[in-house]
Amino acid sequence: MPSRYDTSRDQLDALLAGEPRFRATQVWEGLYAQGVGPEAMTNLPAPLRARLADDLPAALSPVAESEGDGGDTVKWLWALADGREIETVLMHYRDRSTVCVSTQAGCAMACGFCATGQAGFERHLTAGEIVEQVVRARAAAAPRRLSNVVFMGMGEPLANYDATWRAVTVLHDELGLSARHLTLSTVGIVPGIRRLAGEALPVNLAVSLHAANDELRDELVPVNRRYPLATLHEACREYLAAKNRRLSFEWALIDGVNDRRRDAEELAAFARSLRAHVNLIPLNPTDGYGTRGTPPDRVATFARRLGDLGANATVRRNRGTDIAAACGQLRAVHVRRRAPRTPPTAPA
Ligand code: SAH
């Protein structure tokens, strides 16, 4: 089992066969209500604690923790049991705390402006590995209440649909998070959006749009070649009809690329037709992409233009740029000390 949060209640009952019936409830509450591992469940006899510590391992080992924005943003780099690394970001706001979770180690979507996309795909996370990120962040946020979870970390949630949806269900059922406070973000995997429309829990859907014409979007978000805008539009419409939730579009403003007048016009038309809200984020710098983010004055112009064209838009405050924890900067690479280089040998 990669994470103790991958163990179902039935599996836990089986693990505790021969123990009094109430033990399973104690362990379950320890895991979910208190968010602690077996070693900290002091209501269990010591030998049982020791045995469960082996049977119910933690999936995430902290490798590094960094704080940005004066302590309002915290980023963890975790090592998974197989040595793969992922990142999780916790953000404190005046009235709530939000955690941004990863759903894959790496990402196969290959958006050129995104650090995770630049690094490529490693593997899917299990549902338990996703849930454990939330449990760890909730503990770190205390006494503040962790109320929101955004699936906007490393990876494409809808390319790892089953684990992602299982995690959503656990967060809702066992951690008591409301579906309205859970947001899945996607590059636009159309079959995934359709499946979401058929689920019982009405989570929020965010689509990383970044371009509203196929030519530009093919370039910025390569998955657009498989699911072009007309298809994406149709799937979004289905989601809205089924869930009646507000849809949002993410738009990373890239200098001279998608911040022109015509981009605003195309975006406004696309967003209006779906009554979607637009989140504007000036592109954050990443090593593998040369073009910079739109400067603040033109971000403001673009936002104003969208408003004039009848689209709802908000310029998002950028979080975590000082610790490479902002949108598109998650990469799970920590600086390792290089071995000293041998000096080049002089020609004979
Ligand atoms: N794969 C999913 C979940 C990741 S969400 C998705 O793409 O929606 C991360 C968000 O940050 C996405 O909207 C992504 O397009 C955006 N992003 C990626 N690189 C960025 C960058 N350098 N600056 C700003 N936003 C970026």
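Since we're looking at a predicted model, the values are computed, not measured.

1. So, the overall build of the protein
Part 1 of the argument: Secondary structure summary: the protein contains eleven helices and twelve strands in total.
Part 2 of the argument: A globule of 348 residues ought to have a C-alpha radius of gyration of about 20 Å, and the protein, at 22 Å, matches this closely.
Part 3 of the argument: When its C-alpha atoms are laid out on the principal axes, the protein stretches across 75 × 70 × 40 Å.
Part 4 of the argument: Relative to its full complement of 348 residues, the protein shows a buried share of 52%.
Part 5 of the argument: Nonlocal contacts in the protein, meaning residues at least 24 apart in sequence, comprise 66% of its contacts between residues at least 6 apart.
Part 6 of the argument: As presented, the protein carries roughly 16,300 Å² of accessible surface, and 50% of it is formed by carbon and sulfur atoms.
Part 7 of the argument: Charged side chains in the protein number 43 positive and 40 negative. The centres of these two groups are separated by 3 Å.

2. Considering the pairing of strand β2 (residues 73-79)
Side chains on a regular strand alternate between the two faces of the sheet.
Part 1 of the argument: The buried count for β2 comes to seven of seven residues, which makes it a mostly enclosed element.
Part 2 of the argument: Residues T73, K75, L77 and A79 point to one face of β2 and V74, W76 and W78 to the other, with burial holding for every one of them.
Part 3 of the argument: Note that strand β1 (residues 61-68) and β2 share seven bridges and pair antiparallel. Looking at the pairing, E65 lines up with W76 of β2.
Part 4 of the argument: Count of turn residues in the β1/β2 antiparallel hairpin: four residues, of which D69 carries a positive phi of about 50 degrees.
Part 5 of the argument: Sheet analysis places β2 next to strand β3 (residues 85-92), joined by seven bridges and oriented antiparallel. Bridge assignment links K75 to a residue of β3, and that residue is V89.
Part 6 of the argument: Here β2 hands over to β3 after five residues, with G83 in that stretch at a positive phi of 90 degrees.

3. Brief notes about the site of the ligand
Part 1 of the argument: Surveying the vicinity of the ligand reveals 20 residues, the closest of which are F113, S185, S208, H210 and N284.
Part 2 of the argument: The backbone of T186 places a nitrogen or oxygen atom 3.3 Å from an oxygen atom of the ligand.
Part 3 of the argument: Take H210: an N or O atom from its side chain is 2.5 Å from an oxygen atom of the ligand.
Part 4 of the argument: Within the complex, the protein chains bury 95% of what would otherwise be the 540 Å² of accessible surface of the ligand.
Part 5 of the argument: When its residues are assigned to classes, the shell around the ligand shows nine nonpolar, nine polar and two charged.

4. Considerations on the environment of V134
Part 1 of the argument: Structurally, V134 can be placed in helix α5 (residues 127-141).
Part 2 of the argument: Once residues within four sequence positions are removed from consideration, V134 is found in contact with V99, V101, L146, V149, L171, L175 and L177.

5. Notes on the pairing of strand β12 (residues 312-315)
Part 1 of the argument: Across four bridges, the pairing between strand β11 (residues 277-282) and β12 is parallel. By the bridge assignment for β12, L280 is matched with V315.

6. Focus: unusual backbone geometry
Part 1 of the argument: Of the consecutive residues A142 and P143, the connecting peptide bond is found in the cis state with omega at 5 degrees.
Part 2 of the argument: Counting through the fold element by element, P143 comes out in the loop between α5 and β7 (146-151).
Part 3 of the argument: Of note, the phi angle at D69 is positive, near 50 degrees, even though the residue is not glycine.
Part 4 of the argument: If you check the backbone angles, N244 has positive phi at about 55 degrees while not being a glycine.
Part 5 of the argument: Relative to the assigned elements, N244 resides in the loop between α9 (229-243) and β10 (247-253).

7. What about the domain arrangement of the protein?
Part 1 of the argument: Taken as a whole, the protein is organised into domain 1 (4-55) and domain 2 (61-338).
Part 2 of the argument: The gap between the C-alpha centroids of domain 1 and domain 2 is 34 Å.
Part 3 of the argument: Each partner contributes residues to the interface: domain 1 has nine residues there, and domain 2 has eleven residues.
Part 4 of the argument: Summed over both partners, the interface of domain 1 with domain 2 buries about 720 Å², with 54% contributed by carbon and sulfur atoms.
Part 5 of the argument: On the domain 1 side of the contact with domain 2, Y5, D6 and Y32 bury the most area, a combined 73% of that side's loss.
Part 6 of the argument: Scanning the region where domain 1 abuts domain 2 turns up zero salt bridges.
Part 7 of the argument: On the surface where domain 1 and domain 2 come into contact, there are four residue pairs in polar contact (both at pLDDT 80 or more).
Part 8 of the argument: Taken together, the residues that form the side of domain 1 that touches domain 2 break down as five nonpolar, two polar and two charged.

The rules behind each value
Residues numbered from 1 in each chain as written. Predicted model: local features only at pLDDT ≥ 70, side-chain atom pairs only at ≥ 80, totals over all residues. Heavy atoms only, no water. Helix = DSSP H or I, 4+ residues; strand = E, 2+ residues; numbered from the N terminus. Rg over C-alpha atoms; globule rule 2.2 N^0.38 Å. Buried < 20%, exposed > 50% of the residue type's maximum accessible area, 1.4 Å probe, protein only. Contact = heavy atoms within 4.5 Å. Areas by Shrake-Rupley, 256 points an atom, 1.4 Å probe, with all protein chains shown as cover. Lys, Arg positive; Asp, Glu negative; His and termini not counted. Charge placed at Lys NZ, Arg CZ, Asp CG, Glu CD. Pairing = 2+ DSSP bridges. Near = heavy atom within 4 Å. Polar contact = N/O pair within 3.5 Å; in protein donor to acceptor, adjacent residues only side chain to side chain. Nonpolar A, V, L, I, M, F, W, Y, C, P; charged D, E, K, R; others polar. Domains from an automatic or database assignment. Buried area = accessible area lost by both parts, 1.4 Å probe. Salt bridge = Lys/Arg side-chain N within 4 Å of Asp/Glu carboxyl O.

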